[in-house]
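What follows is the residue order along each chain.
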Amino acid sequence: MKYRELGRTGWQASEISFGAWAIGGSWGDVSDKDSLAALHAALDGGVNFFDTADVYGDGRSERLLAKLKKERKETFYVATKAGRRLPKQTPEGYSRGNLTSFVERSLRNLDTDTIDLLQLHCPPTEVYYMPEVFGILDDLVKTGKLQHYGVSVEKVEEALKAIEFPNVQTVQIIFNIFRQRPADLFFAEATKRKVGILARVPLASGLLSGKITRDSKFAKDDHRNFNRHGQAFDHGETFSGIDFETGLRAVEELKKLAPKNVPLAQLALRWILEFPAVTCAIPGAKRPAQVVENIAASGLPPLSAAAMKKIRALYDAEIRPVVHPYW
Ligand SMILES: NC(=O)c1ccc[n+]([C@@H]2O[C@H](COP(=O)([O-])OP(=O)(O)OC[C@H]3O[C@@H](n4cnc5c(N)ncnc54)[C@H](OP(=O)(O)O)[C@@H]3O)[C@@H](O)[C@H]2O)c1
């Protein structure tokens, strides 16, 4: 495992880290036993950074991470999120009272006195124009309840606005072979300000593993079933916002570009690591075997310039017209 500097925190984060949404909920049935085994496998493989949220399984994901901390001696960082417990997403909801009570609840779930990194969880765009919200986060740092804070955004424009606040250490954004717009402008700006970038949905919800077919079935409580058209939350979070057929066609083309013996999931993760502005990719995983496969991307040789060019050409031809302007 290789490590990269996380913003100005002074922390070195594993370049392949762990996304803990699926082990909380909204991805069909996942047993705590498998989830814990996956978390242990991540630590075994050198992962030292875990991304979760207070709403993943209503705290289940955070509690599993607390359990991991009890069972292991290694130092690792946990980034959680706040804001999605609001019954309705309004800018006014991001008040001192609400944010403080969300943080208190995460502290209990994580069984800790201080949160390593708190991220605003895709708040409404207006929030990025409310310095008072970032002032509340500064106060929570002063009281020691937070070590650092950052944001998780939907749109590049939100990311650009967020990093104008001097104490935003990290931006979490969808970045993968099917979502390339963040690299156009945002990455240079984030690098200039030494802001860490967490690349989420790196496998386009599993589509970029190449295992999903037209016949794949997803459980009723899996967002790949219930949110395909954005019925529950932003549709960009499911399959990266690409319609299923276009995604499957592009995956067939990508398979032709994968070096021999390199699974497509590893190619997809390796592609992300080619961007030095990115601190880490945070693939979700429900089982140890997925973790082991994903971690191996860190040990692969860099992709050739020719491969990178071909992937960009595929994006420009097939994907860009359907997603580029939206996020
Ligand atoms: N708004 C936000 O802030 C937000 C939104 C989304 C995600 N996130 C964060 O980003 C993380 C990653 O995104 P994500 O989990 O949505 O999507 P992802 O990482 O693109 O896809 C994860 C899913 O792909 C499958 N998978 C993983 N490794 C695989 C492998 N090696 N081979 C085959 N299949 C594999 C697993 O599902 P199956 O086995 O069921 O196929 C896994 O749950 C989340 O866990 C969460 O921490 C944050």
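Here the structure is shown first, and the text comes after it.
Residues numbered from 1 in each chain as written. Predicted model: local features only at pLDDT ≥ 70, side-chain atom pairs only at ≥ 80, totals over all residues. Heavy atoms only, no water.

Observations concerning the overall build of the protein chain
Move 1: When helices and strands are tallied, the protein chain shows 11 helices and 10 strands.
Move 2: Radius of gyration (C-alpha) of the protein chain: 18 Å, near the 20 Å computed for a compact globule of 327 residues.
Move 3: For the protein chain, the spread of C-alpha atoms along the principal axes amounts to about 55 × 40 × 40 Å.
Move 4: Across the 327 residues that make up the protein chain, the buried fraction comes to 58%.
Move 5: Across the protein chain, every contact between residues at least 6 apart in sequence was considered, and the portion connecting residues at least 24 apart equals 76%.
Move 6: Carbon and sulfur atoms form 53% of the exposed surface of the protein chain, whose accessible area is close to 13,600 Å². (Helix = DSSP H or I, 4+ residues; strand = E, 2+ residues; numbered from the N terminus. Rg over C-alpha atoms; globule rule 2.2 N^0.38 Å. Buried < 20%, exposed > 50% of the residue type's maximum accessible area, 1.4 Å probe, protein only. Contact = heavy atoms within 4.5 Å. Areas by Shrake-Rupley, 256 points an atom, 1.4 Å probe, with all protein chains shown as cover.)

Considering the packing of helix α2 (residues 60–71) against helix α3 (residues 96–110)
Angle between the axes and distance between the axes are the two parameters that describe a pair of packed helices.
Move 1: Where α2 meets α3, the closest approach of the two axes is 7 Å, and the angle between their N-to-C directions is 45°. By the angle between their axes, α2 is oblique relative to α3. In this structure, α2 contributes Glu62, Arg63, Leu65 and Ala66 to the contact, and α3 contributes Ser106, Asn109 and Leu110.
Move 2: Residues belonging to the contact of α2 with α3 are distributed by class as follows: 3 nonpolar, 2 polar and 2 charged. (Axes fitted to C-alpha atoms, helices over the stretch in contact; angles between N-to-C directions. Parallel < 35°, antiparallel > 145°, perpendicular 65-115°, else oblique. Nonpolar A, V, L, I, M, F, W, Y, C, P; charged D, E, K, R; others polar.)

Details of the site of the ligand
Move 1: Around the ligand, 32 residues are found, and the nearest of them are Asp51, Ser152, Lys211, Arg224 and Lys286.
Move 2: Interatomic distance of 3.2 Å between a backbone N/O atom of Val201 and an oxygen atom of the ligand.
Move 3: Between Lys286 and the ligand, the recorded distance is 2.6 Å, taken from a side-chain N or O atom to an oxygen atom.
Move 4: Compared with its free state, where it exposes 900 Å², the ligand has 95% of that area covered by protein.
Move 5: Taken atom by atom, the bulk of the ligand overlaps the largest pocket.
Move 6: With 3 residues, the single largest contributor to the shell around the ligand is helix α10 (residues 288–295).
Move 7: Split into classes, the residues belonging to the shell around the ligand amount to 13 nonpolar, 10 polar and 9 charged. (Near = heavy atom within 4 Å. Polar contact = N/O pair within 3.5 Å; in protein donor to acceptor, adjacent residues only side chain to side chain. 1 Å grid on protein atoms, 1.4 Å probe; cavity = no way out; pocket = protein on both sides within 12 Å on 5 of 7 lines; lining within 4 Å. Sits in = over half its atoms within 2 Å of the grid points.)

Concerning the layout of surface pockets
Move 1: By volume, the largest pocket is sized at about 1,100 Å³.
Move 2: Surrounding the largest pocket, 45 residues form its lining, Trp21, Trp27, Tyr56, Val201 and Glu237 being those nearest its centre.
Move 3: Its residues placed into classes, the lining of the largest pocket shows 18 nonpolar, 13 polar and 14 charged. (Points joined across faces, edges and corners; volume = space filled by probe spheres on them.)

Examining the packing of aromatic side chains
Move 1: Applying the stated rule across the entire model yields 17 aromatic pairs.
Move 2: Each ring, one from Trp21 and one from Phe233, has its centre 5.8 Å from the other, and the planes form 65°; the classification is edge-to-face. Highlighted residues: Trp21 in the loop between β3 (18–19) and α1 (32–44) and Phe233 in the loop between α7 (223–226) and α8 (244–255), separated in sequence by 212 residues.
Move 3: The partly exposed category is assigned to Phe233, whose relative accessible area is 25%.
Move 4: Taken together, the aromatic side chains of Trp21, Trp27, Tyr56, Phe226 and Phe233 make up a single cluster linked through ring pairs.
Move 5: Across from the ring centre of Phe76, 4.7 Å away, lies the NZ or CZ of Lys69, which sits over that ring.
Move 6: The residue whose ring lies beneath Arg228 is Phe244, and the NZ or CZ to ring-centre distance is 4.2 Å. (Phe/Tyr/Trp six-rings, centres within 6.5 Å; stacked < 30°, edge-to-face > 60°. Lys NZ or Arg CZ within 6 Å of the ring centre and 35° of its normal.)

What about empty space enclosed by the protein?
Empty space among the atoms becomes apparent when a probe as large as a water molecule is rolled across them.
Move 1: Counted under the stated rule, the structure contains 1 cavity of 30 Å³ or more.
Move 2: Lining the largest cavity are Ser17, Phe18, Pro283, Ala285, Val291, Asn294 and Ile295.
Move 3: Residue contributions to the lining of the largest cavity peak at 3 residues, all from α10.
Move 4: Taken together, the residues of the lining of the largest cavity break down into 5 nonpolar, 2 polar and no charged.

A look at α8
Move 1: Here α8 contains 12 residues, and its C-alpha end-to-end distance of 16 Å stays within 8% of the 16 Å for a straight helix at 1.5 Å per residue.
Move 2: Looking at the packing, one finds that the buried side of α8 touches α9 (264–273) and α11 (305–323). (Expected span 1.5 Å × (residues − 1).)

A word on the environment of Ser31
Move 1: Examined against the element boundaries, Ser31 turns out to sit in the loop between β3 and α1.
Move 2: Expressed as a C-alpha distance, the spacing of Ser31 and Arg287, which sit 256 residues apart in the sequence, is 9.6 Å.
Move 3: For Ser31, the side chain forms a polar contact with the main-chain nitrogen of Asp34, separated by 3.0 Å.

Quick word on the packing of α1 against α2
Move 1: Remark: α1 packs on α2, axes separated minimally by 10 Å, with the N-to-C direction vectors making an angle of 55°. As far as their axial angle goes, α2 and α1 are oblique. Relative to α2, the crossing made by α1 is right-handed. Touching Asp32, Ser35, Leu36, Leu39, His40 and Leu43 of α1 are Arg60, Leu64, Leu65, Lys67, Leu68 and Glu71, all from α2. (Left-handed = near helix turned anticlockwise from the far one by under 90°.)

A few points about α9
Move 1: Of all 10 residues in α9, 10 are buried; the element is thus mostly enclosed.
Move 2: Inspection of α9 places Leu264, Ala265, Gln266, Leu267, Ala268, Leu269, Arg270, Trp271, Ile272 and Leu273 among the buried residues, and these make up the whole buried set.
Move 3: Where α9 is buried, its residues touch β1 (3–6), β9 (196–200), α8, β10 (280–281), α10 and α11.

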